[in-house]
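Spelled out, the chains give:
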Amino acid sequence: MALKGQKTKSDFLKWEIMQSLVLKLERDGELKFALLIATGSYIGLRISDLLQLRWYQLLNQQHFVITEKKTGKERRVTINPELQEIIQRLFYKMDGKPEQFMFVNRFGKEPVSIQYINAKLKELFDKYGIRGQYSSHFMRKTLGRRVWEMNEYSDQALLLLSQLFNHTSTTTTKIYLGIREQEISNLYLSV
């Protein structure tokens, strides 16, 4: 596990694997992590911003506005209808309170820590046989790869993603999503 403040590299999950994992976690009673992975993968916020979300911001809403912790920029986030279904279902299963943090710690007052999330993700990914290098950052990358894939790997998608992620260029976004690495690997395979 990485130390607090240490940079780590994280893989992304294929969209279908992420969706399957969310269902398995819900089935097995890991409701907080089912909610975290679904929310993080559908809206792509940094973990520090995800942990500040309260139920009322997303529950039965079409969008919400958040000021990002890292950049100080205000961002309007549209909530996908599939995510809204998951949020509603888990709100009732978790006996949530509208004003409460969505990802509350065991004492019920504050959000869980990023260190706890990363340790628990490692444990859960091992349990479900998901191989790779994963941290709380994988959810943003999962969304990015999904958007890029759904838009047929276009430069337009990379441009939009660079704006969504507040990257300075599409080159940064390609590096972030591991696209250049994949292209080079494919080059070797095509020979």
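See the structure above.
Residues numbered from 1 in each chain as written. Predicted model: local features only at pLDDT ≥ 70, side-chain atom pairs only at ≥ 80, totals over all residues. Heavy atoms only, no water.

Chemist: Help me out: how do you make sense of unusual backbone geometry in this one?
Modeler: For residues that are not glycine, phi is negative in most cases, and the peptide bond is trans in most cases. Phi at Y153 takes a positive value of approximately 60 degrees, unusual for a residue other than glycine. Look at Y153 and you get partly exposed, because its relative accessible area is 48%. Despite not being glycine, N166 has its phi angle at roughly 60 degrees, a positive value. Here N166 is to be found in the loop between α8 (155–164) and α9 (170–177). Overall, the relative accessible area of 27% leaves N166 in the partly exposed class. (Buried < 20%, exposed > 50% of the residue type's maximum accessible area, 1.4 Å probe, protein only. Helix = DSSP H or I, 4+ residues; strand = E, 2+ residues; numbered from the N terminus.)

Chemist: It is not clear to me how the layout of surface pockets should be interpreted in this structure. Could you clarify?
Modeler: Left-over empty space is what a probe sized like a water molecule reveals as it rolls over the atoms. Taken as a whole, the second largest pocket spans an internal volume of roughly 350 Å³. In terms of lining residues, the second largest pocket is bounded by 17 residues, among which Y42, I43, T78, N80 and L143 are the most central. Where the lining of the second largest pocket is concerned, the elements lending two or more residues are α2 (31–43), β2 (74–78), α5 (81–93) and α7 (138–150). Here the residues of the lining of the second largest pocket sort into 10 nonpolar, three polar and four charged. (1 Å grid on protein atoms, 1.4 Å probe; cavity = no way out; pocket = protein on both sides within 12 Å on 5 of 7 lines; lining within 4 Å. Points joined across faces, edges and corners; volume = space filled by probe spheres on them. Nonpolar A, V, L, I, M, F, W, Y, C, P; charged D, E, K, R; others polar.)

Chemist: Looking at this structure, how should I read the pairing of strand β1 (residues 63–67)?
Modeler: Judged by which residues are buried, β1 turns out to be one-sided: F64 and I66 face inward and are buried, whereas H63, V65 and T67, on the alternate face, are not. Taken together, the five bridges between β1 and β2 define a ladder with antiparallel strand orientation. Bridge pairing links F64 to V77 in β2. Taking the residues that link successive antiparallel strands as the turn, the β1-β2 hairpin has six residues, and the phi of G72 there is positive, at about 75 degrees. (Pairing = 2+ DSSP bridges.)

Chemist: What am I meant to see in the nonpolar core here?
Modeler: The tendency in soluble globular proteins is for nonpolar side chains to be buried side by side. Judged by nonpolar contacts, the single largest core of 44 residues is most densely connected at I37, I43, L53, F64 and F125. Elements represented by at least two residues in this core include exactly α1 (15–27), α2, α3 (47–50), α4 (55–58), β1, α5, α6 (114–127) and α7. Broken down by element, this core gets its largest block of residues, nine residues, from α2. Excluding its chain neighbours within four sequence positions, the residues that come into contact with I37 are M18, L21, V22, L25, L121, F125, F138 and M139. (Core = buried A, V, L, I, M, F, W, Y, C linked by side-chain atoms within 4.5 Å. Contact = heavy atoms within 4.5 Å.)

Chemist: How should I be thinking about the pattern of salt bridges in this particular structure?
Modeler: Following the criterion strictly, the structure yields 11 salt bridges and no others. For the salt bridge of K120 with E123, the shortest nitrogen-to-oxygen distance reads 3.3 Å. Within this pair, K120 and its partner E123 are both found in helix α6, separated by three residues, close to a single helical turn. On the basis of relative accessibility, which here comes to 13%, the residue K120 falls in the buried class. (Salt bridge = Lys/Arg side-chain N within 4 Å of Asp/Glu carboxyl O.)

Chemist: What is the right way to read empty space enclosed by the protein from this model?
Modeler: Evaluated as defined, the whole model comprises one cavity of 30 Å³ or more. Estimates place the volume of the largest cavity at around 40 Å³. Forming the walls of the largest cavity are L45, R46, I47, S136, H137, M139 and R140. Its residues placed into classes, the lining of the largest cavity shows three nonpolar, two polar and two charged.

Chemist: Got a minute to help me understand the side chain of Q57 in this structure?
Modeler: If you trace the backbone, Q57 turns up in helix α4. For Q57, a relative accessible area of 17% puts it in the buried group. A polar side-chain atom of Q57 sits 2.8 Å from the main-chain amide nitrogen of R54. Look past the residues within four positions of Q57 in its chain and what remains in contact with it is Q52, H63, F64, V65 and I79. (Polar contact = N/O pair within 3.5 Å; in protein donor to acceptor, adjacent residues only side chain to side chain.)

Chemist: Could you clarify how one ought to interpret the packing of aromatic side chains in this entry?
Modeler: In this description, an aromatic ring pair is defined by two values, namely the gap between the centres and the angle between the planes. Tallying each qualifying case throughout the model produces nine aromatic pairs. Note on W55 and F91: the rings are 5.1 Å apart at their centroids and 65 degrees apart in plane angle, and the pair reads as edge-to-face. Of this pair, W55 sits in helix α4 while F91 sits in helix α5; the two residues are 36 residues apart in sequence, bridging distant segments of the chain. Take W55: its relative accessible area is 1%, and that puts it in the buried class. Take F91: its relative accessible area is 8%, and that puts it in the buried class. Pairing W148 with Y153 gives two aromatic rings, centres 4.7 Å apart and planes at 80 degrees, and the pair type is edge-to-face. (Phe/Tyr/Trp six-rings, centres within 6.5 Å; stacked < 30°, edge-to-face > 60°.)

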